[in-house]
Amino acid sequence: KDWRNSMAAGWENQKLQETHRIVKKLTSWLEQDNRLKEEGIFRICGSSRRMDQLVEDLHLEVSGRGSEVKLDLQDVHSVAGTLKRIISRMQPPIIPLDIVQ
């Protein structure tokens, strides 16, 4: 049983590290070329289908199972929406639930 707990903890740690690398990649891209000054960033929705694909492709990239995701081929709103989507699904959440409620 202990080895199962150890393996589960290792898996969770790996997933968290992958998520952090994705967040870093997205935030670094958004900080370049005045992209954060885009009107409506984080309010105007990007394409849901495009964001779903970005999430999947980014997870494949950071896990070493996919090729590099070229964010320059995406629009600012889809990248910002992808960042919001990833942060909102993080476990454990960035802001603990007891603080939000």
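Everything discussed here concerns the structure shown above.
All figures in this text were calculated on a predicted structure; none of them were measured in a lab. (Residues numbered from 1 in each chain as written. Predicted model: local features only at pLDDT ≥ 70, side-chain atom pairs only at ≥ 80, totals over all residues. Heavy atoms only, no water.)

1. Comments concerning the overall build of the chain
Step number 1: Within the chain, the secondary structure is distributed over 4 helices and 0 strands.
Step number 2: Traced from its N-terminal end to its C-terminal end, the chain shows the element sequence α-α-α-α.
Step number 3: Out of the 101 residues belonging to the chain, those deemed buried represent 29%.
Step number 4: Within the chain, contacts between residues separated by at least 24 positions form 81% of all contacts whose residues are at least 6 apart in sequence.
Step number 5: Of the roughly 7400 Å² of accessible surface on the chain, a fraction of 52% belongs to carbon and sulfur atoms. (Helix = DSSP H or I, 4+ residues; strand = E, 2+ residues; numbered from the N terminus. Buried < 20%, exposed > 50% of the residue type's maximum accessible area, 1.4 Å probe, protein only. Contact = heavy atoms within 4.5 Å. Areas by Shrake-Rupley, 256 points an atom, 1.4 Å probe, with all protein chains shown as cover.)

2. Focus on the pattern of salt bridges
Step number 1: The final tally for this structure, using the stated rule, is 7 salt bridges.
Step number 2: The salt bridge partner of Lys70 is Glu68, with a shortest N-O separation of 3.6 Å.
Step number 3: On the basis of relative accessible area, Lys70 is assigned to the partly exposed category, the value being 48%.
Step number 4: What makes Glu68 exposed here is its relative accessible area of 52%.
Step number 5: Residues joined by salt bridges that share partners form a network here, namely Asp33, Arg35 and Asp72. (Salt bridge = Lys/Arg side-chain N within 4 Å of Asp/Glu carboxyl O.)

3. Focus on the packing of aromatic side chains
Step number 1: By the definition in use, this model includes 0 aromatic pairs.
Step number 2: Across from the ring centre of Trp29, 3.8 Å away, lies the NZ or CZ of Arg35, which sits over that ring. (Phe/Tyr/Trp six-rings, centres within 6.5 Å; stacked < 30°, edge-to-face > 60°. Lys NZ or Arg CZ within 6 Å of the ring centre and 35° of its normal.)

4. Quick look at the environment of Met51
Step number 1: By the secondary structure assignment, Met51 is in helix 2 (residues 48-62).
Step number 2: Placed 34 residues apart in sequence, Met51 and Arg85 show a C-alpha to C-alpha distance of 8.3 Å.
Step number 3: When neighbours within four sequence positions are excluded, Met51 is seen to be in contact with Gly46, Ser78, Gly81, Thr82 and Arg85.

5. Some thoughts on helix 2
Step number 1: Across its 15 residues, helix 2 extends 21 Å between first and last C-alpha, which sits within 8% of the 21 Å expected from 1.5 Å per residue.
Step number 2: Taken together, the buried positions of helix 2 are occupied by Met51, Leu54, Val55, Leu58 and Val62. Each buried residue of helix 2 lies within a common arc of 100 degrees when the element is viewed along its axis, so the set occupies one face.
Step number 3: Looking one or two residues past helix 2, Gly64 carries a phi angle of roughly 85 degrees, positive in sign. (Expected span 1.5 Å × (residues − 1). Arc of directions from axis to C-beta.)

6. Some details on the layout of surface pockets
Step number 1: Computed from the structure, the largest pocket encloses a volume of approximately 190 Å³.
Step number 2: As for the largest pocket, its lining consists of 12 residues, of which Lys15, Thr19, Arg89, Met90 and Gln91 are closest to the centre.
Step number 3: Elements with a contribution of two residues or more to the lining of the largest pocket: helix 1 (2-31), helix 2 and helix 3 (76-88).
Step number 4: Class assignment for the residues of the lining of the largest pocket results in 5 nonpolar, 3 polar and 4 charged. (1 Å grid on protein atoms, 1.4 Å probe; cavity = no way out; pocket = protein on both sides within 12 Å on 5 of 7 lines; lining within 4 Å. Points joined across faces, edges and corners; volume = space filled by probe spheres on them. Nonpolar A, V, L, I, M, F, W, Y, C, P; charged D, E, K, R; others polar.)

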